[in-house]
Amino acid sequence: MKNKQIIIFSLIGLAVLGAVAALLMLTQPGSSQEEETTTEATTIDENLIISQADEEEIASIRIKNDSDDYTIIRTVDEEGNVSWAIEGVDIDADLYNSGIFEAVAGYAQDLTAKEMVEENAEDLSKYGLDSPSAEVTVTKTDGTQTGFILGDSAPTGSYTYVAKSGENDVFTNYTYKVNSFYSYTRMSYVVTDVIEAYDSTTAPTVQKITVKRKDLEQDIVLEALPELPEDSDSIAVFSHQFTSPYNVNLDLSAASQYVYAMYGLTADQAAYLEVTDETKALTGLDDPFCEVSMLVEDTIYRLYIGNAIEEEYTDEASGVTTTAVTGYYGYCNKVPDVIYIFSPDTVFWVTMDVEDYISKIFLMPYIYDLTEVSYDDGETSFTVTIEGNNEENRFTLADGTEVDGELFKTMYEYMVQARGEEIYTDEAKGELLATYTYKYEDTTKADSVVRYYEGVDDRSVIVNVDGKNVYKTKPMYVTRLIENAKSFLEGGEITLSY
């Protein structure tokens, strides 16, 4: 303990001495060493200055590159508020990303080269400066102008050749500082946030998602399951259920990805700043291939997706040319004045297969949410009426005979544990093997009917949910189901494994 105290007091002593020394330094005249250090840190070689201006001096910045030729306008209102815009572009100020303007202006007004490569170069083509990839002109409020041009990338890869406008001295500059000048178009300054983002704890409940697509016979519809009352004994395992094209649950592992995919929706860039008949025709949005609607409380978000954007790639070794989709045109009812380009991954609804999102556990209603369970395999059949809750309950057969509650719950456990082993949506099916029906206490919900059929081309069993083939499962499941049903009526043992 003494050693620790000594160390602490020593540190305190050093801190006090340091503070005293600092105070003495502040009260003494500046030493020559301090002056030299300061001068070295702030001195810039004037020969390397490409562009220099204070922000308040800037009136406009013209940027010309291979893709666009546009002018950024800076204005200041009477209260001193700064705003940015693109000359000739008439859109709401909220659609501009002021941060991008400020970043680009920052590099344009204060650009200092890394080093000079060649003074008064006779051949600018060596540097790609005879035909610049970008030209930048900064106009100040007093009318004076400064400018520079950009050429090829230097051999190092992290530098770009640059020269002042009208001069032949060649410099290099960091590519990241000038990249925006030869890659940005006027669309680069438009906000790309399409729908507001939420974290998982604050996101409003998504009540319904509908995907309409030209290549689908039926819409894909996902709906939120009703919330349980506070005094309910029920257990909510699933939050959402597909109601088209199948009446099956949303897979739990895909729930957050699918349900909340539209929250925080962001585009790659803007394509058109007007949603007109002409621009919609150019982008396929006059007759969208896909439409995604999300209902949240009283708000509907609609995303329309049009033509795919494709690029060709040629393999240098084989010479084979392939085409790949790099994006899709789309617009949203929440930003109705902009047509965007979205990456394929962002608008996955265009190519999604609903079968990748449905749960393999196809029906799992809580037993006390039901009023009746019926079963029939051609030889054995029964209907059990359910009354009460998990504390007080009564189970009776159709003839009024009361059955052992624990025995029936075990039978029911076997019925709901069935899993789809693989998706099967063809219409072909063999002989009917067994059927069971769930009747819900909530009379607004239709009965759920599960039928098992023999497979047509293998030994599997086809699972049909509410009239549609959805899965294949193991034949042993139905074999055991038939055995358990018979055993249940005889008061025997139920086997849960299969």
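Refer to the structure printed above.
Residues numbered from 1 in each chain as written. Predicted model: local features only at pLDDT ≥ 70, side-chain atom pairs only at ≥ 80, totals over all residues. Heavy atoms only, no water.

**Some details on the overall build of the protein**
Link 1 in the chain: Scanning the protein from terminus to terminus reveals eight helices and 27 strands.
Link 2 in the chain: Per-residue burial over the protein gives 40% buried out of 498 residues.
Link 3 in the chain: By sequence separation, contacts in the protein at least 24 residues apart represent 58% of the contacts at least 6 residues apart.
Link 4 in the chain: If you sum the accessible surface of the protein, you get close to 27,700 Å²; carbon and sulfur atoms cover 46% of it. (Helix = DSSP H or I, 4+ residues; strand = E, 2+ residues; numbered from the N terminus. Buried < 20%, exposed > 50% of the residue type's maximum accessible area, 1.4 Å probe, protein only. Contact = heavy atoms within 4.5 Å. Areas by Shrake-Rupley, 256 points an atom, 1.4 Å probe, with all protein chains shown as cover.)

**Concerning the layout of surface pockets**
Link 1 in the chain: Of the volumes computed, that of the second largest pocket is approximately 460 Å³.
Link 2 in the chain: What lines the second largest pocket is a set of 19 residues, among which Glu217, Gln218, Pro245, Tyr246 and Thr425 lie closest to the centre.
Link 3 in the chain: Here the lining of the second largest pocket is composed, by residue class, of six nonpolar, five polar and eight charged. (1 Å grid on protein atoms, 1.4 Å probe; cavity = no way out; pocket = protein on both sides within 12 Å on 5 of 7 lines; lining within 4 Å. Points joined across faces, edges and corners; volume = space filled by probe spheres on them. Nonpolar A, V, L, I, M, F, W, Y, C, P; charged D, E, K, R; others polar.)

**Notes on the packing of aromatic side chains**
Link 1 in the chain: Using the criterion set out here, one finds 33 aromatic pairs in the structure.
Link 2 in the chain: The ring of Tyr301 is capped by Lys334, whose NZ or CZ atom sits 5.4 Å from the centre of that ring.
Link 3 in the chain: Sitting over the face of the ring of Tyr440, Lys445 holds its NZ or CZ atom 4.2 Å from the ring centroid. (Phe/Tyr/Trp six-rings, centres within 6.5 Å; stacked < 30°, edge-to-face > 60°. Lys NZ or Arg CZ within 6 Å of the ring centre and 35° of its normal.)

**Some remarks on the sheet that holds strand β24 (residues 432-440)**
Sheet strands pair by backbone hydrogen bonding; their relative direction is either parallel or antiparallel.
Link 1 in the chain: Taken together, eight strands build an open sheet; the order of strands is β22-β21-β20-β24-β25-β26-β27-β23 and the sheet is antiparallel. Since the sheet does not close on itself, it has two edges, and those belong to β22 (393-397) and β23 (422-423), each with one partner.
Link 2 in the chain: Direction of pairing for strand β26 (residues 461-465) relative to strand β27 (residues 468-473): antiparallel, over a ladder of five bridges. Each bridged residue has a counterpart across the sheet, and for Val461 the counterpart in β27 is Thr473. (Pairing = 2+ DSSP bridges.)

**As for helix α8 (residues 475-489)**
Quick reminder: α-helices carry 3.6 residues per turn. Residues three or four places apart thus point the same way.
Link 1 in the chain: Taking 1.5 Å of rise per residue, the 15 residues of α8 would be expected to cover 21 Å, and the 22 Å separating its terminal C-alpha atoms lies within 8% of that figure.
Link 2 in the chain: For α8, the complete set of buried residues consists of Tyr477, Val478, Arg480, Leu481, Asn484, Ala485, Ser487 and Phe488. (Expected span 1.5 Å × (residues − 1).)

**A look at a negative patch on the surface**
Link 1 in the chain: Together, Asp90, Asp92, Asp94, Glu274, Glu278 and Asp337 line one region of the surface with negative charge.
Link 2 in the chain: Turning to its location among the elements, Asp92 is positioned in the loop between β4 (82-86) and α3 (98-109).
Link 3 in the chain: Here Asp92 falls in the partly exposed class, since its relative accessible area comes to 44%. (Patch = residues over 30% accessible without salt bridge, like charges linked within 9 Å, V, L, I, M, F, W, Y side chains within 5 Å. Salt bridge = Lys/Arg side-chain N within 4 Å of Asp/Glu carboxyl O. Lys, Arg positive; Asp, Glu negative; His and termini not counted. Charge placed at Lys NZ, Arg CZ, Asp CG, Glu CD.)

**Some remarks on the environment of Asp356**
Link 1 in the chain: Positionally, Asp356 belongs in the loop between β19 (335-342) and β20 (370-376).
Link 2 in the chain: Sequence separation of Asp356 and Ile423 is 67 residues, and the distance between their C-alpha atoms is 8.9 Å.

**Structural notes on the environment of Tyr452**
Link 1 in the chain: Examined against the element boundaries, Tyr452 turns out to sit in strand β25 (residues 448-454).
Link 2 in the chain: For Tyr452, a relative accessible area of 0% translates into the label buried.
Link 3 in the chain: Through-space distance from the C-alpha of Tyr452 to that of Tyr477 is 9.9 Å; in sequence the pair is 25 residues apart.
Link 4 in the chain: Among the polar contacts made by the side chain of Tyr452, one reaches the side chain of Tyr436 at a distance of 2.7 Å. (Polar contact = N/O pair within 3.5 Å; in protein donor to acceptor, adjacent residues only side chain to side chain.)

**What about the side chain of Thr473?**
Link 1 in the chain: Secondary-structure assignment places Thr473 in strand β27.
Link 2 in the chain: In terms of polar contacts, Thr473 uses its side chain to reach the backbone carbonyl oxygen of Arg419, at 2.8 Å.

**Quick word on the pattern of salt bridges**
Link 1 in the chain: Following the criterion strictly, the structure yields 15 salt bridges and no others.
Link 2 in the chain: Glu118 serves as the salt-bridge partner of Lys126, at 3.4 Å between the closest nitrogen and oxygen.
Link 3 in the chain: Taking the shortest distance from any N to any O, the salt bridge between Asp458 and Lys472 comes out at 2.8 Å. Separated by 14 residues along the polypeptide, Asp458 in the loop between β25 and β26 and Lys472 in strand β27 bring together distant segments of the chain.
Link 4 in the chain: Several salt bridges converge on common partners, so that one network encompasses Glu387, Arg394 and Glu402.

**Some words on the nonpolar core**
Within soluble globular proteins, side chains that are nonpolar generally end up buried alongside one another.
Link 1 in the chain: Ranked by size, the top nonpolar core spans 115 residues in total, and within it Tyr258, Phe362, Tyr436 and Tyr452 carry the most contacts.
Link 2 in the chain: Here this core takes seven residues from helix α7 (residues 405-416), the largest share from any one element.
Link 3 in the chain: The residues touching Phe362, leaving out its near neighbours within four places in the chain, are Val248, Asn249, Ala418, Arg419, Gly420, Tyr436, Val450, Tyr452, Val463, Val465 and Tyr471.
Link 4 in the chain: Grouped together as the second largest cluster of nonpolar side chains are 10 residues, Ala121, Tyr159, Ala163 and Val170 included. (Core = buried A, V, L, I, M, F, W, Y, C linked by side-chain atoms within 4.5 Å.)

**Quick look at the sheet that holds β4**
Link 1 in the chain: On the basis of which strands lie adjacent, the open sheet formed by eight strands has the order β4-β3-β2-β7-β8-β9-β10-β6 and antiparallel pairing. Because the sheet does not close on itself, it has two edges, and the strands there are β4 and β6 (115-118). Ignoring which end each strand starts from, the neighbouring axes of this sheet average 25 degrees apart.
Link 2 in the chain: Relative to strand β9 (residues 159-164), strand β8 (residues 145-153) is paired through four bridges, and the arrangement is antiparallel. By the bridge assignment for β9, Ile149 is matched with Ala163.
Link 3 in the chain: Where helix α4 (residues 175-183) meets the sheet, it contacts β2 (58-65), β7 (134-140), β8, β9 and β10 (170-174), and its direction lies at approximately 100 degrees from that of β10. (Axes fitted to C-alpha atoms, helices over the stretch in contact; angles between N-to-C directions.)

**Notes on the pairing of β9**
Link 1 in the chain: With five of its six residues buried, β9 lies for the most part within the structure.
Link 2 in the chain: Between β8 and β9, which pair antiparallel and follow one another directly, the connecting turn spans five residues, one of which, Gly157, has a positive phi of 95 degrees.
Link 3 in the chain: The pairing of β9 with β10 spans four bridges and is classified as antiparallel. Among the inter-strand pairings, Val162 is bridged to a residue of β10, identified as Phe171.
Link 4 in the chain: Here β9 folds back onto β10, and the loop between the two strands holds five residues, one of which, Gly166, carries a positive phi near 80 degrees.

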